[in-house]
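# Structural characterization, general
Each chain, letter by letter, is given below.
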Amino acid sequence: MPSVKQFQVTFDCADPERVARFWCEVLGYVVPQPPEEFATWDAYNESLPAEERGAAFACQDPTGVGPRLYFQRVPEGKIVKNRVHLDVRAGTGLVGDERLAVLEAEAARLIALGATHVLTQLADEENESCITLQDVEGNEFCID
């Protein structure tokens, strides 16, 4: 039996397009092309029943290597900490002050896009530095 090699990460949210466009900027992802019969996503949305407009949006790695991210509107808001979160690997291979400087610069870029700073964990004897942020709807993610 072959193993699955591709997957997507699905986010529940209130405003799928807003959250998807935030993650496009974070990861360098792109919005996929709309279905063939539509020139734009707005045109596609207009073809849907009113209650389905804006109910979902996606973004994808332009190289096709990373997972597709799918955002779906749900009626309830976020209540507790995420059980799954993304780690944005900005400091891979770096240590100490050099790593922290890269993480802080990336955090500043993402905060300018609408992220919120939650916690900066400084390196100790066991772990390197890591910064926890929230996306535009309060979903936690780490920059490490």
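First, a word on scope: everything that follows refers to the structure included in this document.

Reading the values: the criteria
- Residues numbered from 1 in each chain as written.
- Predicted model: local features only at pLDDT ≥ 70, side-chain atom pairs only at ≥ 80, totals over all residues.
- Heavy atoms only, no water.
- Salt bridge = Lys/Arg side-chain N within 4 Å of Asp/Glu carboxyl O.
- Helix = DSSP H or I, 4+ residues; strand = E, 2+ residues; numbered from the N terminus.
- Buried < 20%, exposed > 50% of the residue type's maximum accessible area, 1.4 Å probe, protein only.
- 1 Å grid on protein atoms, 1.4 Å probe; cavity = no way out; pocket = protein on both sides within 12 Å on 5 of 7 lines; lining within 4 Å.
- Points joined across faces, edges and corners; volume = space filled by probe spheres on them.
- Nonpolar A, V, L, I, M, F, W, Y, C, P; charged D, E, K, R; others polar.
- Disulfide = S-S within 2.5 Å.
- Pairing = 2+ DSSP bridges.
- Contact = heavy atoms within 4.5 Å.
- Axes fitted to C-alpha atoms, helices over the stretch in contact; angles between N-to-C directions.

### Some points on the pattern of salt bridges
For the structure on display, the rule yields 3 salt bridges. In this structure, the salt-bridge partner of R21 is E17, at a minimum N-O distance of 2.8 Å. With R21 and E17 both in helix α1 (residues 16-27) and 4 residues apart, this pair spans about one turn of that helix. When its relative accessible area of 41% is taken as the criterion, R21 is described as partly exposed. As a salt-bridge pair, R109 and E106 come within 2.8 Å of each other at their nearest N and O atoms. Of this pair, R109 and E106 both sit in helix α3 (residues 96-112), 3 residues apart, which is roughly one turn of that helix.

### Some remarks on the layout of surface pockets
Considered as a void within the structure, the largest pocket measures approximately 460 Å³ in volume. Surrounding the largest pocket, 22 residues form its lining, F11, D12, K78, N82 and N139 being those nearest its centre. Broken down by secondary-structure element, the contributors of at least two residues to the lining of the largest pocket are β1 (8-13) and β7 (140-143). By residue number, the principal contributor to the lining of the largest pocket is β1, which donates 5 residues. Of the residues that constitute the lining of the largest pocket, the class distribution is 10 nonpolar, 5 polar and 7 charged. Volume-wise, the second largest pocket comes out at about 210 Å³. For the lining of the second largest pocket, the secondary structure elements donating two or more residues are α2 (41-46), β2 (56-59) and β3 (68-73). By residue class, the composition of the lining of the second largest pocket is 10 nonpolar, 1 polar and 2 charged.

### A closer look at the state of the cysteines
Considering all chains together, one arrives at 0 disulfides under this definition. There is no disulfide at C13, and the cysteine sulfur nearest it, in C59, is 11 Å away.

### Points about the sheet that holds β7
Across the sheet, 4 strands lie side by side as β4-β7-β6-β5; this open sheet has mixed pairing. Every other strand in the sheet has two partners, leaving β4 (87-88) and β5 (116-121) as the edge strands with one partner each. Note that β5 and strand β6 (residues 130-134) share 5 bridges and pair antiparallel. Residue pairing in the sheet places T120 in a bridge with I131 of β6. Contacts between α3 and the sheet are confined to β5, β6 and β7, with β6 contributing the most and set at about 10 degrees to the helix.

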